[in-house]
Amino acid sequence: RIELYGDKSLVMTTTKKDAEALAGWLCDHGIRTKYMHCDLDTVARSKVIHQLQAGEIDTIVGVNLLREGLDLPQVSLVAVLNADQ
């Protein structure tokens, strides 16, 4: 489990609505999570990435996270939801 081992994860969804809903669900289930998508400005997106790197959150859920050019060695799991859509 993420919260047990301290591993970090990225989860990609197809819509902003899905990203926000999944982030909320994960938080409700005890996984420290933030969402990230184009409605967040650059400063807010940088803050979310910093929170992951600092260990303040365990998971980032977002749309098109790979285009952000993220270099996060802390991440041990990358999940793409609904990749066939």
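Residues numbered from 1 in each chain as written. Predicted model: local features only at pLDDT ≥ 70, side-chain atom pairs only at ≥ 80, totals over all residues. Heavy atoms only, no water.

Student: An account of the pattern of salt bridges is requested, with residue identities and associated values reported.
Tutor: Counted by the stated rule, this structure contains three salt bridges. The residue Lys8 makes a salt bridge to Asp58 at a minimum N-O spacing of 3.1 Å. Within this pair, whereas Lys8 is found in strand β1 (residues 8-13), its partner Asp58 is found in the loop between α3 (42-53) and β3 (59-63), the two being separated by 50 residues in sequence. When sorted by exposure, Lys8 lands in the same class as Asp58, which is buried. The salt bridge involving Asp58 is made with Arg32; its shortest N-O contact spans 2.9 Å. Here Asp58, found in the loop between α3 and β3, pairs with Arg32, found in the loop between α2 (16-28) and β2 (33-36); they are 26 residues apart in sequence, far enough to count as distant. Given a relative accessible area of 38%, Arg32 falls into the partly exposed group. (Salt bridge = Lys/Arg side-chain N within 4 Å of Asp/Glu carboxyl O. Helix = DSSP H or I, 4+ residues; strand = E, 2+ residues; numbered from the N terminus. Buried < 20%, exposed > 50% of the residue type's maximum accessible area, 1.4 Å probe, protein only.)

Spatial relationships are all this shows, so hold off on functional conclusions.
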